[in-house]
Structure formats: structure tokens, C-alpha cells
Amino acid sequence: MATGTALAGNIGATRRFEYTVLGAPVLMASELSDVAKKHGSRVLANADTVHASGDEAAQWRIFAVGEKQLAEPLNTTSSATTSTSDLEDAQ
């Protein structure tokens, strides 16, 4: 999950419209999804998203992967665990 400003809508010529979403948070969410899949994590979010969630932020563990601040839920139903070093290897 990522938070920020994005553009969503139909883009293209009259003969070929495509619905798409553009923006930095879209790219970040895509990258987080790839890292989560690779390492068996169910959900990852960037730290800005967690901080913006108010009281919910207490339910997330924030850590660094390279220069990025990421977060994962403290309590998940997944049996898979992800170590920070595994996530750093994904960079």
C-alpha cells in the first residue's frame, strides 16, 4: 500500500481508451507488491501510509530497505515470516 496523489481515468484516443492509474504511489505500491510476493509477506506499506493511518500505525512494524521506509502488519494470519535482511536482498 502506498499513499499519495495519482491520476486515474480513461487515457488514449477515441478508438482506444484504456483505464489506467499514474503516479508515484502507484509505482511504489507495485514495487511493494513485488517484494511482498517474493518474500512471502501478505501486506507491505510505505511508512508514509502507515503514519497517515492514525491509531492504526501502532499495528505496523516500520523498517528500512535501502533508502525506503517500509512497514508490515505486526499480526498477520500468514504463517510465512519475512526478515528485514530478506527484504534488503530484493533491492
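Note: the structure precedes this text.
All values derive from a computational prediction rather than experimental measurement.

Looking at the pattern of salt bridges
For side chains bearing opposite charge, pairing can occur when the charged atoms are close.
Then comes step 1: One pass over the full model with this rule turns up one salt bridge.
Then comes step 2: The shortest N-O distance in the salt bridge between arginine 16 and glutamate 18 comes to 2.8 Å.
Then comes step 3: Relative accessible area serves as the criterion here: at 58%, arginine 16 is assigned to the exposed category.
Then comes step 4: Glutamate 18 gets classed as partly exposed once you look at its relative accessible area, which sits at 41%.

Some remarks on the nonpolar core
Then comes step 1: Among the nonpolar cores identified, the biggest contains seven residues, and these are Met28, Leu32, Val35, Ala36, Leu44, Phe63 and Leu70.
Then comes step 2: Take this core: its biggest share by element is four residues, from helix H1 (residues 24-38).

As for the side chain of threonine 49
Then comes step 1: The residue threonine 49 is located in helix H2 (residues 47-52) in this model.
Then comes step 2: Among the polar contacts made by the side chain of threonine 49, one reaches the side chain of threonine 3 at a distance of 2.6 Å.

Some thoughts on the environment of leucine 70
Then comes step 1: Of note, leucine 70 is situated in strand S5 (residues 68-73).
Then comes step 2: Owing to a relative accessible area of 2%, leucine 70 belongs among the buried residues under this scheme.
Then comes step 3: Taking the C-alpha atoms as reference points, leucine 70 and leucine 44, separated by 26 residues in sequence, lie 6.8 Å from one another.

Cut-offs used in this document
Residues numbered from 1 in each chain as written. Predicted model: local features only at pLDDT ≥ 70, side-chain atom pairs only at ≥ 80, totals over all residues. Heavy atoms only, no water. Salt bridge = Lys/Arg side-chain N within 4 Å of Asp/Glu carboxyl O. Buried < 20%, exposed > 50% of the residue type's maximum accessible area, 1.4 Å probe, protein only. Core = buried A, V, L, I, M, F, W, Y, C linked by side-chain atoms within 4.5 Å. Helix = DSSP H or I, 4+ residues; strand = E, 2+ residues; numbered from the N terminus. Polar contact = N/O pair within 3.5 Å; in protein donor to acceptor, adjacent residues only side chain to side chain.

Fair warning: the whole summary comes from geometry, so function is off the table for now.
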